[in-house]
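Each chain, written out:
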Amino acid sequence: MIERMLQLFIKDNDTSDNVVRGRYATFAGAFGIVTNIFLFVIKLIAGLLFNSIAVTADAVNNLTDAGSSVMVLVGLKLSGKPADEEHPYGHARAEYITGFLVSVVISLLGIELIKASFSKILNPDPIDFSYLTVIVLIISILVKLWQGTVNKTIGRRIDSTALMAAGQDSMNDVITTSSVLAATVFAKLTNIQIDGYVGIAVALFILYSGVKLVKETLNLLLGTAPDRDFVCAIEQEILGYEGVLGLHDLVVHSYGPNRAFVSVHVEVDAKRDLLESHDLIDNIEKEVSNKFNVNTVIHMDPIVTDDERINDLRRKVNEIILGIDGKLSMHDFRVVLGKTHSNLIFDVLLPPSYEYSETELRKRIDDEIKKIDATFNSVITLDRNYTSTTNI
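Computed from a predicted model, the values in this text were never measured in an experiment.

1. Side note on the sheet that holds strand β4 (residues 329-336)
Note: strands within a sheet are paired through backbone hydrogen bonds, in either parallel or antiparallel orientation.
Piece 1. Strand order in the open sheet made by the three strands is β4-β5-β6, with mixed pairing throughout. The outermost strands of the open sheet, each flanked by one partner alone, are β4 and β6 (376-384). Neighbour-to-neighbour, the strand axes of this sheet turn through a mean angle of 15 degrees, independent of strand direction.
Piece 2. The sheet contact formed by β4 and strand β5 (residues 342-350) spans six bridges and is antiparallel. Counterpart to Val-336 in the pairing with β5 is Asn-343.
Piece 3. Running over the sheet, helix α10 (residues 308-324) touches β4, β5 and β6 and is turned about 140 degrees from β4.
Piece 4. Most of the contacts of helix α11 (residues 358-372) go to β6, to which it runs at about 145 degrees, and overall it touches β5 and β6.

2. Thoughts on the environment of Arg-156
Piece 1. Looking at the secondary structure, you find Arg-156 in helix α5 (residues 131-158).
Piece 2. Judged by its relative accessible area of 57%, Arg-156 is exposed.
Piece 3. Sequence-wise, Arg-156 and Ile-111 are 45 residues apart; in three dimensions their C-alpha atoms are separated by 31 Å.

3. Quick look at the sheet that holds strand β2 (residues 260-269)
Piece 1. One open sheet holds the three strands; their spatial order is β1-β2-β3, and the pairing between them is mixed. Only two strands of the sheet have a single partner each, and these edge strands are β1 (246-254) and β3 (295-303). Averaged over all neighbouring strand pairs, the angle between strand axes comes to 15 degrees, with direction disregarded.
Piece 2. Of the strands in this sheet, β1 and β2 touch helix α8 (residues 228-239), which is tilted by about 140 degrees from β1.
Piece 3. Relative to the sheet, helix α9 (residues 274-292) contacts β2 and β3, its axis offset from that of β3 by approximately 150 degrees.

4. Concerning unusual backbone geometry
Piece 1. Even without being a glycine, Asp-249 presents a positive backbone phi close to 55 degrees.
Piece 2. With respect to the secondary-structure elements, Asp-249 resides in strand β1.
Piece 3. The exposure class of Asp-249 is buried, given its relative accessible area of 17%.
Piece 4. The backbone phi angle of Asn-293 is positive, close to 55 degrees, even though this residue is not glycine.
Piece 5. Given the relative accessible area of 37%, Asn-293 is considered partly exposed.

5. What about the side chain of Asp-249?
Piece 1. There is no salt bridge for the buried Asp-249, and the closest opposite charge comes from Arg-334, which lies 11 Å off by N-O distance.
Piece 2. At a separation of 3.4 Å, a polar atom in the side chain of Asp-249 contacts the side chain of His-331.
Piece 3. Asp-249 has contacts with Ser-263, Val-264, His-265, His-331, Leu-349 and Asp-383, leaving out every residue within four places of it along the chain.

Procedures and definitions
Residues numbered from 1 in each chain as written. Predicted model: local features only at pLDDT ≥ 70, side-chain atom pairs only at ≥ 80, totals over all residues. Heavy atoms only, no water. Pairing = 2+ DSSP bridges. Helix = DSSP H or I, 4+ residues; strand = E, 2+ residues; numbered from the N terminus. Axes fitted to C-alpha atoms, helices over the stretch in contact; angles between N-to-C directions. Contact = heavy atoms within 4.5 Å. Buried < 20%, exposed > 50% of the residue type's maximum accessible area, 1.4 Å probe, protein only. Lys, Arg positive; Asp, Glu negative; His and termini not counted. Salt bridge = Lys/Arg side-chain N within 4 Å of Asp/Glu carboxyl O. Polar contact = N/O pair within 3.5 Å; in protein donor to acceptor, adjacent residues only side chain to side chain.

Here is the structure:
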């Protein structure tokens, strides 16, 4: 049913196209606004007519969901705007900003509903049971199930964290509304008023969802590690080219959904013709960009492969580094030989968080290298691994 509905309103399925993505966003936003306002109206009427704070709280929750749909729609529309002089990387992060604002509003409303529910507990009024209220709540549960499925389906299709969150929020609402329905029926059967307590439970659930969304959207704004499978797929793709000896310093910069920039150092044989290597790197950049829908920039690193002494030193230094910590890796190894001393120059890649201080790590590596030859000086550059994956 959902697929037929989407096919009716959206003809093109190419979600990598921002125009098509915008159509999906418009449909999801409009669908959320209409259904949530409908639920807000019928629940508010039922809650006020039959004096149920739990039903009224659930109605307010639906109103915040309608506001969320508006903000998600606006955010998705803004995120589809092309780059300009002030925002050369586009506006895709606008989706995260609107998600953060929605989550703050949800949290504040949860606090207000807790206050109202406490007041109901301290000053209880009997609920006027009505089968109309029961019917309204059952309708709400069914609509929320439908709404959650639609949002999650579209969210997966266009890779939208905002819509996936909205879909999960709708599924959470199924639980809260079911709780309100249970309290209403319970009061009818036992004449025990738990309306205020259920109102608090609903409000706490709203507050929990709001705080959770605040954390999730803040993480996206601050920057999170890229998906491991995505990083590994890019690494495997680059390493699959003939002439590529290795790679390092892979960094994925995300500027919102469908807006990623990839930079990486690719190692090639230093003896290979420079123009051939440059042509290889150009081809990799274009093909990786097209295949993964990213902007790719590759730095070419020529490495010496036929000097036995350098190769032996590279192997020994690599063993030292792995012996200190298996999470570390080395790249860009060079040797400058001299009469009184020789410099071993290389980079060491660290995990995002590392227990040793940089000074301590440099000293430990240098001490071990001097055990090979006291005339060796180590010149170490420490890099951070921004993908949190082990280089292949």
